[in-house]
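This is what each chain is made of:
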Amino acid sequence: MERRTFLRASLLSGGAMAAGVPDAAASGPLRVQLLMFDGVEEQDFAGPLEVLGMARQTGNALTVTQVTTGEPGRITARFGTSIDVATGWSPQDADVLLVPGGGYADKTGPGVNRLIDDPGFLARLAAAEPVPVGVCTGVMVLSAAGITRGRPCTTHSAAKADLAAQGGVVVNARVVDDGDLVTGGGITSGIDVALWLVERHFGAKAAQRVETVLEHERRGTVWRA
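Every value quoted in this text rests on a predicted model; they were computed, and no experiment measured them.

## Focus on the overall build of the chain
And step 1. Per the secondary structure count, the chain includes nine helices and 12 strands.
And step 2. Counting over 225 residues, the chain shows a buried share of 52%.
And step 3. Sequence separation of 24 or more characterises 64% of the internal contacts of the chain that already satisfy a separation of 6 or more.
And step 4. Accessible surface, the chain as shown: approximately 9,600 Å² in total, 52% of it carbon and sulfur.

Here you go:
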């Protein structure tokens, strides 16, 4: 069984089972790609990056790579943070693709709407094998690609009506886990989404260690299929 297929099966079967985690770890680290683009909300990507980086530092086998939607280059986040992103998105090199949000209310400026208006990118996203994880209005990018249609999901409160109108089955939860699709609500939910990914793949003790180091307590509900 290919590694990505195994990870999808692991997610669908309920995540960090006693037999599943060692098998995933034995075949190599969990590979997470974090999508970066002009107008991305700083907290949407920084929260997950901190959690996943700390999970790696505390002994869990994972890698986190920031990637652009196309060629490597510099992006400017919503509040002016400039980041040089050295890697372009390569779905074949990832097990999980985390899509943050940002700029959804500004239909003409930088942010998720430029991704939503890019049919080529959406086609690639819809066909990609990595497990999609949406944070805040990053979920609306997944929705535009047809990934959330007919499935339990959540997003920022300001976009929930749009998500429902596009066919998503909106759940009022902080984190929604529908097996091979994970979504998070508002801006700070990315922290809890990432902690849930750590728990799913490496177990509750691993997530608790990260929480302790970060001095963060998860809140809200993790809705599970």
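Having seen the structure, we can now continue with the description.
## Here we look at the layout of surface pockets
And step 1. Taken as a whole, the largest pocket encloses approximately 210 Å³ of empty space.
And step 2. Around the largest pocket sit 14 residues that line it, and Arg-78, Gly-103, Tyr-104, Ala-105 and Thr-137 are the ones nearest its centre.
And step 3. Within the lining of the largest pocket, the residues separate by chemical class into six nonpolar, four polar and four charged.
And step 4. Forming the boundary of the second largest pocket are Met-36, Phe-37, Asp-38, Thr-68, Thr-69, Arg-74, Ile-75, Gly-111, Arg-114, Leu-115 and Asp-118.
And step 5. If you list the elements that add at least two residues to the lining of the second largest pocket, you get strand E3 (73–76) and helix H4 (112–116).
And step 6. In terms of residue class, the lining of the second largest pocket is built from four nonpolar, three polar and four charged.

## Overview of the pairing of strand E2 (residues 62–68)
Looking along a regular strand, one sees the side chains alternate between the two faces of the sheet.
And step 1. In this structure, strand E1 (residues 30–35) lies alongside E2, joined through six bridges in parallel fashion. When the sheet's bridge partners are listed, Leu-30 is paired in E2 with Leu-62.
And step 2. After leaving E1, the chain enters helix H3 (residues 42–57) and then returns to the sheet as E2, a path that is right-handed.

## A look at the pattern of salt bridges
And step 1. Within this structure, the stated rule accounts for nine salt bridges.
And step 2. We note a salt bridge from Glu-199 to Arg-218, for which the minimum N-O separation is 3.0 Å. Of this pair, Glu-199 sits in helix H8 (residues 189–202) while Arg-218 is found in the loop between helix H9 (204–214) and strand E12 (222–224), placing the two residues 19 residues apart along the sequence.
And step 3. With a relative accessible area of 22%, Glu-199 lands in the partly exposed category.

## What to know about H3
And step 1. Taking 1.5 Å of rise per residue, the 16 residues of H3 would be expected to cover 22 Å, and the 22 Å separating its terminal C-alpha atoms lies within 8% of that figure.
And step 2. Residues of H3 that are buried: Glu-42, Asp-44, Phe-45, Gly-47, Pro-48, Val-51, Leu-52, Met-54 and Ala-55.
And step 3. Phi turns positive one or two residues past the end of H3, at Gly-59, with a value near 105°.

Cut-off values and rules
- Residues numbered from 1 in each chain as written.
- Predicted model: local features only at pLDDT ≥ 70, side-chain atom pairs only at ≥ 80, totals over all residues.
- Heavy atoms only, no water.
- Helix = DSSP H or I, 4+ residues; strand = E, 2+ residues; numbered from the N terminus.
- Buried < 20%, exposed > 50% of the residue type's maximum accessible area, 1.4 Å probe, protein only.
- Contact = heavy atoms within 4.5 Å.
- Areas by Shrake-Rupley, 256 points an atom, 1.4 Å probe, with all protein chains shown as cover.
- 1 Å grid on protein atoms, 1.4 Å probe; cavity = no way out; pocket = protein on both sides within 12 Å on 5 of 7 lines; lining within 4 Å.
- Points joined across faces, edges and corners; volume = space filled by probe spheres on them.
- Nonpolar A, V, L, I, M, F, W, Y, C, P; charged D, E, K, R; others polar.
- Pairing = 2+ DSSP bridges.
- Right-handed = clockwise from strand over helix to strand, strands pointing away.
- Salt bridge = Lys/Arg side-chain N within 4 Å of Asp/Glu carboxyl O.
- Expected span 1.5 Å × (residues − 1).

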